[in-house]
Amino acid sequence: MIQAPKAILFDLDGTLVDTAPDLAGTIIDMQIARSLPTSPFQLLRSFASAGAQGLLNAGFDITPEAKNYEELRHEFLERYENRIAGESSIFKGITPLLNDLQNNNIVWGIVTNKSERLAQKLINALELDTHCAVLVGGDSTSHSKPHPKPCLFACEKLNIDPATSWFIGDDIRDIQAGKAANMYTIAAAYGYCNYKVNSIQTWQADLIVHSPKQLHQKVVAALK
C-alpha cells in the first residue's frame, strides 16, 4: 500500500503540461528564420524537459561555450515567451486528477526548472494557477533540480513534511531531487523521457506510471 500524501508536487513540462509543441515550435521558427532545414518534431520533443540549452543543442548543435550561444538563447526565450501557451495544453487525464486532489483536501504545487516568471505566465494562461498552492521555479532558490532545495522550499512554503509528500516528474533530475528531499517519487514515463523509457528503471523512482490515467488510479488507491 502506498501511503496517502499530504501534498503532491509536480514537475511542469512533460508532467502536468505538454509544452513540447511550443518549445519545439520555437526552435523550428528559429530554423525557418535562418532558412535552415527544420528538425523533426519528435526529435525536439525528446529534449523538451532539457530547457533552452538542450533544445538549442538539438536544433543547432550548439553548446554554452559557443561564441553566439547567449544570443541564440536570448532569442529562443523571447520567441518562446511570445507563444508560451499557443499550442501547449494540460495532459489529458491531469485535470480530473487535480480535481480529485482538491476534493480530498490534498494540496498540490509545481517545482520546475523553468524560470518562475515563465512558469507563472504558462500556468496563468492554462488556468492552473487557481488551485496551485506553490510554484517554485528554477531561479526561485539558489539551486535547481536535481538539487533537493527547490522541493524542500516548496514543502516549507506549504508547511508540510517532505516525507509525507510525493514528487512526480518525467526527468531523472526530478527523481533525484525528490529522493534527496526524502519524498515519495513517481516517474512519469508518459512525458518527454519516453524515448529512453528503458532507462527509467535505473532512476530508482518509487513508482513508474505510463499515463496520467494510471497516475490518477494510483492516487485514488492511496486515498482509500
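Residues numbered from 1 in each chain as written. Predicted model: local features only at pLDDT ≥ 70, side-chain atom pairs only at ≥ 80, totals over all residues. Heavy atoms only, no water.

A. Spatial organisation of the side chain of Thr-15. Following the sequence through the fold, Thr-15 ends up in the loop between strand 1 (7-10) and strand 2 (17-18). Under the relative-accessibility criterion, Thr-15 is labelled buried at 0%. Looking at Thr-15, its side chain comes within polar contact range of the main-chain nitrogen of Asp-170, at 3.3 Å. (Helix = DSSP H or I, 4+ residues; strand = E, 2+ residues; numbered from the N terminus. Buried < 20%, exposed > 50% of the residue type's maximum accessible area, 1.4 Å probe, protein only. Polar contact = N/O pair within 3.5 Å; in protein donor to acceptor, adjacent residues only side chain to side chain.)

B. Summary view of the nonpolar core. One finds Phe-10, Leu-16, Leu-56, Leu-101, Trp-108 and Leu-215 to be the most contacted residues of the largest nonpolar core, which totals 50 residues. Counting residues per element, this core draws most heavily on helix 1 (residues 20-33), which supplies six residues. Every residue in contact with Leu-215, bar those within four places of it in the chain, is listed here: Phe-10, Leu-97, Ile-168, Ile-186, Tyr-190 and Val-209. (Core = buried A, V, L, I, M, F, W, Y, C linked by side-chain atoms within 4.5 Å. Contact = heavy atoms within 4.5 Å.)

C. Representation of the side chain of Thr-185 within the structure. Considering the arrangement of structural elements, one finds Thr-185 in strand 7 (residues 184-188). The contacts of Thr-185, once residues within four sequence positions are left out, are Phe-167, Ile-175, Gly-178, Lys-179, Gln-204, Ala-205, Asp-206 and Leu-207.

D. Just the packing of aromatic side chains, in detail. In this structure the tally under the stated criterion is four aromatic pairs. Ring centres of Phe-10 and Trp-108 lie 6.1 Å apart, and the angle between their planes is 80°; on these two criteria the pair is classed as edge-to-face. Remark: Trp-108 occurs in strand 4 (residues 107-111) and Phe-10 occurs in strand 1; sequence separation between them is 98 residues. Here the two residues Phe-10 and Trp-108 agree in accessibility, since each one is buried. With centroids separated by 6.2 Å and ring planes inclined at 5°, the aromatic side chains of Phe-76 and Tyr-80 adopt a geometry described as stacked. Of the two residues, Phe-76 and Tyr-80 are both situated in helix 4 (residues 69-82); the distance of four residues between them amounts to about one turn of the helix. (Phe/Tyr/Trp six-rings, centres within 6.5 Å; stacked < 30°, edge-to-face > 60°.)

E. Summary view of the pattern of salt bridges. Tallied over the entire structure, the rule returns 12 salt bridges. The partner of Arg-117 in a salt bridge is Glu-81, with the nearest N and O atoms 2.5 Å apart. Of the two residues, Arg-117 is situated in helix 6 (residues 116-125) and Glu-81 in helix 4; the sequence distance between them amounts to 36 residues. Taking relative accessible area as the criterion, Arg-117 reaches 52% and is therefore assigned exposed. Counted as one network, the salt bridges with shared partners bring together Asp-22, Asp-29, Arg-83 and Glu-87. (Salt bridge = Lys/Arg side-chain N within 4 Å of Asp/Glu carboxyl O.)

F. Representation of helix 1 in the model. For helix 1, spanning 14 residues, the distance from its first C-alpha to its last is 19 Å, which sits close to the expected 20 Å at 1.5 Å a residue. Regarding helix 1, the residues found buried are Ala-20, Pro-21, Asp-22, Leu-23, Ala-24, Gly-25, Thr-26, Ile-27, Ile-28, Met-30 and Gln-31. Considering only its buried residues, helix 1 is in contact with strand 2, helix 2 (41-45), helix 3 (51-60) and helix 4. Two residues or fewer past helix 1, Ser-35 is found with a positive phi of approximately 55°. (Expected span 1.5 Å × (residues − 1).)

G. A look at the state of the cysteines. For the structure shown, the criterion picks out zero disulfides. Not engaged in a disulfide, the cysteine Cys-155 finds its nearest cysteine sulfur in Cys-151; these two sulfurs lie 6.9 Å apart. What makes Cys-155 buried here is its relative accessible area of 2%. No disulfide involves Cys-193; its sulfur sits 16 Å from that of Cys-151, the nearest cysteine. (Disulfide = S-S within 2.5 Å.)

H. Quick look at the pairing of strand 1. Both faces of strand 1 are covered, namely the face carrying Ala-7 and Leu-9 and the face carrying Ile-8 and Phe-10. Summarising the sheet, strand 1 and strand 4 pair through four bridges and their orientation is parallel. In the sheet register, Phe-10 faces strand 4, and the bridge partner there is Ile-110. For strand 1 and strand 6 (residues 165-169), the ladder comprises four bridges, and the chain directions are parallel. Paired with Phe-10 across the strands is Ile-168, a residue of strand 6. (Pairing = 2+ DSSP bridges.)

I. Examining the packing of helix 4 against helix 6 more closely. Direction vectors running N to C along helix 4 and helix 6 enclose 20°, while the axes themselves pass 11 Å from each other. Taken together, the axis directions place helix 4 and helix 6 in an arrangement best described as roughly parallel. Of the two elements, helix 4 crosses helix 6, and the hand of that crossing is left-handed. Along its contact with helix 4, which presents Leu-77, Tyr-80 and Glu-81, the element helix 6 presents Arg-117, Leu-118 and Lys-121. (Axes fitted to C-alpha atoms, helices over the stretch in contact; angles between N-to-C directions. Parallel < 35°, antiparallel > 145°, perpendicular 65-115°, else oblique. Left-handed = near helix turned anticlockwise from the far one by under 90°.)

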